Amino acid sequence: MSKIAVIYWSGTGNTAEMANEIAAGIGADAEVFSVDAFSGNVDDYEKIAFGCAAMGDEVLEEAEFDPFFTSIEGKLKGKKLALFGSYGWGDGKWMRDWEERCTKAGASLLDDGLIICGFPDADGKEKCKDYGTRFAAY
């Protein structure tokens with residue numbers, strides 16, 4: 001198994017809950033960090049699951065997450081990534097835009113990012129765990 005980071009930003013706890021459930025699906029190889037607590041180096045991880053909620057007009061959170069992601073974007077070539085996040089409205093435009101950024105950076109995406117409206121209910125938590133399990137095997 002490889003070392004896997006789960007790095008997320010969460011304003012209300014929805015995406016944090018998703019991160020923890022995804023990490024549970026990954027298993028013992030998962031290291032979970034809020035974006036403000038991550039002081040490591042993305043080069044140390046073969047796989048990274050990034051989580052960020054949709055904000056405003058369906059964009060990544062602009063004060064903490066997007067600057068962090070922009071700062072490491074150049075190091076994503078050849079990395080295996082999974083993207084996830086919660087939203088309150090819209091159709092997932094922020095996720096599609098984010099997927100495009102990752103592809104342009106040369107990363108390999110697990111599949112379409114996992115999005116959940118609001119706090120993950122029992123079904124949403126199961127989807128998160130499954131996503132983590134699939135990412136660990138990716």
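Computed from a predicted structure; not experimentally measured. (Residues numbered from 1 in each chain as written. Predicted model: local features only at pLDDT ≥ 70, side-chain atom pairs only at ≥ 80, totals over all residues. Heavy atoms only, no water.)

**Quick word on helix 3 (residues 93–104)**
Residue pairs three or four apart in sequence face the same way in an α-helix, which turns once every 3.6 residues. Stated formally: Think of it this way: any DSSP run of H or I at least four residues long counts as a helix, any run of E at least two long counts as a strand, and we number them from the N terminus. Expected span of a helix: the number of residues minus one, times 1.5 Å. Accessible area is worked out with a 1.4 Å probe on protein chains only. A residue is then buried under 20% of its type maximum, exposed over 50%, and partly exposed in between. Directions drawn from the helix axis to the C-beta atoms are what define this arc.
Relative to the 16 Å expected for 12 residues at 1.5 Å per residue, helix 3 spans 17 Å between its end C-alpha atoms, a close match to the ideal helical length. Among the residues of helix 3, Trp 94, Met 95, Trp 98, Glu 99 and Cys 102 are the ones counted as buried. Angularly, the buried residues of helix 3 cover 135 degrees about the axis, an arc narrow enough to put them on a single face.

**Observations concerning the packing of helix 2 (residues 65–72) against helix 3**
Heads up, the rule is: Inter-axis angles, ranging from 0 to 180 degrees, are taken between N-to-C directions of lines fitted to C-alpha atoms, where helices are fitted over the stretch in contact. Reported orientations rely on four angle classes, namely roughly parallel under 35 degrees, roughly antiparallel over 145, roughly perpendicular from 65 to 115, and oblique for the rest. Less than a right angle of anticlockwise turn of the near helix away from the far helix marks a crossing as left-handed, whereas a clockwise turn marks it as right-handed. Whether two residues are in contact is decided by their heavy atoms, any of which lying within 4.5 Å being enough. Polar here means any residue outside two lists: the nonpolar Ala, Val, Leu, Ile, Met, Phe, Trp, Tyr, Cys and Pro, and the charged Asp, Glu, Lys and Arg; Gly therefore counts as polar.
Viewed as axis vectors pointing N to C, helix 2 and helix 3 meet at an angle of 20 degrees, and their least axial separation amounts to 11 Å. Relative to helix 3, the element helix 2 lies roughly parallel. Helix 2 and helix 3 meet at a crossing whose hand is right-handed. Counted together, Phe 65, Asp 66, Phe 69 and Thr 70 of helix 2 and Trp 98, Arg 101 and Cys 102 of helix 3 form the full contact between these two elements. By residue class, the composition of the contact of helix 2 with helix 3 is 4 nonpolar, 1 polar and 2 charged.

Read these as layout, nothing more, since geometry by itself doesn't imply function.
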